[in-house]
Amino acid sequence: MSNGKRIPKIAVEVELTRVDGTKSRGFVFISANERVLDMLNAAGPFFPFRDAASKRVQLCAKAAVACVEPLDQKG
């Protein structure tokens, strides 16, 4: 049930590594009050990913992802 308040989504730049070893750079979308890890642990088998090179948005299967490294949080 929704309380009527929406938390805005933000795009986080990441490097996504799939279980087959292929890597893609792009963006995942998370609520402003969560981390990428929270999005990956949320219910649902897929998450949207916008490829930086092609600008296309695709649904990625969480089961096919080996690693998601946020790039804007490197210190």
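Residues numbered from 1 in each chain as written. Predicted model: local features only at pLDDT ≥ 70, side-chain atom pairs only at ≥ 80, totals over all residues. Heavy atoms only, no water.

Engineer: Mind laying out the confidence of the model for the chain, listing which residues take part and the relevant values?
Structural biologist: Across the chain, the average pLDDT comes to 91, with 91% of residues at or above 70. For the chain, the element scoring lowest by mean pLDDT is helix 1 (residues 36–41), at 95; strand 3 (residues 46–51) scores highest, at 97. (pLDDT = per-residue confidence, 0-100. Helix = DSSP H or I, 4+ residues; strand = E, 2+ residues; numbered from the N terminus.)

Engineer: Describe in detail the side chain of Ser-31, supporting the description with residues and values.
Structural biologist: With respect to the helices and strands, Ser-31 occurs in strand 2 (residues 23–31). Look past the residues within four positions of Ser-31 in its chain and what remains in contact with it is Ile-7, Pro-8, Lys-9 and Ile-10. (Contact = heavy atoms within 4.5 Å.)

Engineer: A description of the nonpolar core should follow, citing residues and the corresponding values.
Structural biologist: Within the largest apolar cluster, twelve residues are counted, these being Val-12, Val-14, Leu-16, Val-28, Ile-30, Val-36, Met-39, Phe-47, Phe-49, Cys-60, Val-65 and Val-68. Going through the elements one at a time, strand 1 (9–18), strand 2, helix 1, strand 3 and strand 5 (65–70) are the ones with two or more residues in this core. Of all the elements, strand 1 adds the most residues to this core, at three residues. Apart from the residues within four sequence positions on either side, Met-39 is in contact with Val-28, Phe-29, Ile-30, Glu-34, Phe-47 and Lys-62. (Core = buried A, V, L, I, M, F, W, Y, C linked by side-chain atoms within 4.5 Å. Buried < 20%, exposed > 50% of the residue type's maximum accessible area, 1.4 Å probe, protein only.)

Engineer: Break down the sheet that holds strand 2 for me, citing the residues and quoting the values.
Structural biologist: If you trace the five strands from one edge of the open sheet to the other, you get 4-3-2-1-5, paired in antiparallel fashion. The open sheet is flanked by strand 4 (57–61) and strand 5, the only strands paired with a single partner. Neighbouring strand axes in the sheet, compared pairwise and without regard to direction, differ in orientation by 45 degrees on average. Judged from the nine bridges that link them, strand 1 and strand 2 form a sheet pairing that is antiparallel. Across the sheet, the residue bridging to Val-12 is Val-28, located in strand 2. (Pairing = 2+ DSSP bridges. Axes fitted to C-alpha atoms, helices over the stretch in contact; angles between N-to-C directions.)

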